[in-house]
Amino acid sequence: MLDTLPLQQIHNHQEALHQEDFEAILGEAPGALFPECQELVGRYDLRYNTLQGVSRDRVVLRVLKTLDQNLEVAGTHRKQRWEDGWAENLSNFQRTGYDLAALVPKFVRPQEVIRLKGEYVRPVSSQFETNVVEILRYWMFKKWFHAVDHIYEFGCGTGHNLVDAACLFPGRPLYGLDWSQSSQAILRLLKAEHGFNVVGREFNMLEPDESFDLYPRSGVFTVGAMEQLGCQYHGFVNYLLRQRPSVCIHVETLYELYDQNVLFDYVAARYLEKRKYLQGLLGTLKTFEHEGRLEIVGTIRTFGSLYHDGYSMVIWKPVEEKM
Ligand SMILES: C[S@@+](CC[C@H](N)C(=O)[O-])C[C@H]1O[C@@H](n2cnc3c(N)ncnc32)[C@H](O)[C@@H]1O
């Protein structure tokens, strides 16, 4: 029987993410995952095949070949790309009668291989990445933003992360900042058509507008947005330090978490270098911690899409929050 199986199947091994996996990843005690997250884990198809042997080699080769190419680098010149991308989501949002599913960014590739637990895996469901991100997002909002009065996402794109915050904390003021005008147009519709208490505002993280004051007792987060700042994140971090929110969470690729003695991590670190994605943030936060300016509450490595772990987290607090 084994002889007749396609090579792909012989070398793959099917597993699934369970509640215990999320508890282990997020550092929660067994059974302590929030009920909202447990419900999502139960609802979604989180099965996947871990690629082994030839299947894994094929993926590694693909990654290496990509690294050999001239890849587009992050930077101000890409602003129009984001504008165009979010304009497409905006038009789909309108065309579908404001269906929230139209807000999922196009960079989430439904059929693609995923990085999980140090392995390349192929999810069974096309929604795996979106679903896992949703579970992580619910956890982070419940865990860190339950006591804040205002929530800000910098580099919010379509605002789909803020939609979850609106569902978890009905009526709580939410702010979506981005340098894209289409992002703000979507946020206006989220308020007008869905009644979410959300405001969009133009903000360039490379040149933070110091006149934009955060309310006391605020929670700040970013998801894959500081990634785009490369090594130019200092102005934004200093802005946040001056604003003294209660807590900041960056769900980002974190260069310093990759163990470059391991092939799986080495290729991810090279990818960040090639694309000029975020590098050095964790080191800077540690320096600021030593200087007594902030406290790093934790770092968490979760999972990623094909090339790097874009959903790692660093959580930090300024030493003294604004009250
Ligand atoms: C990878 S997307 C992530 C969007 C959203 N956070 C999400 O999870 O879908 C990066 C976002 O950062 C925004 N961005 C990139 N550079 C920026 C900058 N200098 N200032 C403000 N926004 C920026 C882009 O417009 C885009 O919305």
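Residues numbered from 1 in each chain as written. Predicted model: local features only at pLDDT ≥ 70, side-chain atom pairs only at ≥ 80, totals over all residues. Heavy atoms only, no water.

**Side note on the overall build of the protein chain**
At step 1: On a plain count of helices and strands, the protein chain comes out with eleven helices and twelve strands.
At step 2: Against the 2.2 N^0.38 benchmark of 20 Å for 323 residues, the protein chain shows a C-alpha radius of gyration of 20 Å, consistent with a compact globule.
At step 3: By principal-axis analysis of the C-alpha atoms, the protein chain measures approximately 65 × 45 × 45 Å.
At step 4: Taking all 323 residues of the protein chain together, the buried fraction comes to 53%.
At step 5: In the protein chain, 74% of the contacts between residues at least 6 apart in sequence involve partners at least 24 apart.
At step 6: For the protein chain, the centre of its 34 positive side-chain charges and the centre of its 42 negative side-chain charges are spaced 3 Å apart. (Helix = DSSP H or I, 4+ residues; strand = E, 2+ residues; numbered from the N terminus. Rg over C-alpha atoms; globule rule 2.2 N^0.38 Å. Buried < 20%, exposed > 50% of the residue type's maximum accessible area, 1.4 Å probe, protein only. Contact = heavy atoms within 4.5 Å. Lys, Arg positive; Asp, Glu negative; His and termini not counted. Charge placed at Lys NZ, Arg CZ, Asp CG, Glu CD.)

**What about the pattern of salt bridges?**
At step 1: Tallied over the entire structure, the rule returns 19 salt bridges.
At step 2: In this structure, Glu291 and Arg293 form a salt bridge, with 3.7 Å as the shortest nitrogen-oxygen distance.
At step 3: Take Glu291: its relative accessible area is 48%, and that puts it in the partly exposed class.
At step 4: Assessed through its relative accessible area of 33%, Arg293 is described here as partly exposed. (Salt bridge = Lys/Arg side-chain N within 4 Å of Asp/Glu carboxyl O.)

**A word on empty space enclosed by the protein**
To find the voids left in a structure, one rolls a probe of water-molecule size over its atoms.
At step 1: Taken as a whole and judged by the stated rule, the model has two cavities of 30 Å³ or more.
At step 2: Looking at the largest cavity, its volume works out to about 60 Å³.
At step 3: Looking at the largest cavity, the residues that line it are Val133, Leu136, Arg137, Met140, Asn161, Val223, Val251, Tyr311 and Met313.
At step 4: Approximately 40 Å³ is the volume attributed to the second largest cavity.
At step 5: As for the second largest cavity, its lining consists of Val108, Arg109, Pro110, Glu112, Ile114, Pro123, Ser126, Phe128 and Glu129.
At step 6: Considered class by class, the residues forming the lining of the second largest cavity number five nonpolar, one polar and three charged. (1 Å grid on protein atoms, 1.4 Å probe; cavity = no way out; pocket = protein on both sides within 12 Å on 5 of 7 lines; lining within 4 Å. Points joined across faces, edges and corners; volume = space filled by probe spheres on them. Nonpolar A, V, L, I, M, F, W, Y, C, P; charged D, E, K, R; others polar.)

**Section: the site of the ligand**
At step 1: By nearness alone, 21 residues border the ligand, and Trp86, Glu153, Gly155, His160 and Asp178 come closest of all.
At step 2: Within the contact set of the ligand, an oxygen atom lies 2.6 Å away from a side-chain nitrogen or oxygen of Asp178.
At step 3: Contact between the ligand and Met205: a nitrogen atom at 2.9 Å from a main-chain N or O atom of the residue.
At step 4: Expressed as a share of its isolated accessible area of 590 Å², the protein-covered part of the ligand is 97%. (Near = heavy atom within 4 Å. Polar contact = N/O pair within 3.5 Å; in protein donor to acceptor, adjacent residues only side chain to side chain. Areas by Shrake-Rupley, 256 points an atom, 1.4 Å probe, with all protein chains shown as cover.)

**Concerning the nonpolar core**
At step 1: In this structure, Phe22, Leu46, Trp139, Phe145, Leu190 and Phe221 are the most contacted members of the largest nonpolar core, which totals 56 residues.
At step 2: With ten residues, helix α6 (residues 128–144) is the largest single contributor of residues to this core.
At step 3: Leave out the neighbours within four places in its chain, and Leu46 touches Glu15, Ala16, Leu17, Phe22, Val41, Phe128, Asn131, Val132 and Ile135.
At step 4: Counting residues in each nonpolar core, the second largest holds 29 residues, with Ala225, Leu278, Leu282 and Leu294 among its members. (Core = buried A, V, L, I, M, F, W, Y, C linked by side-chain atoms within 4.5 Å.)

**Points about the layout of surface pockets**
At step 1: Of the volumes computed, that of the second largest pocket is approximately 280 Å³.
At step 2: What lines the second largest pocket is a set of 13 residues, and nearest its centre among them are Leu100, Val104, Glu134, Arg137 and Asp164.
At step 3: Going through the elements one at a time, α6 and α7 (160–168) are the ones with two or more residues in the lining of the second largest pocket.
At step 4: Sort the elements by how many residues they give to the lining of the second largest pocket and α6 lands first, with four residues.
At step 5: Residues that form the lining of the second largest pocket fall into these classes: seven nonpolar, three polar and three charged.

Keep in mind these values describe shape, not function.
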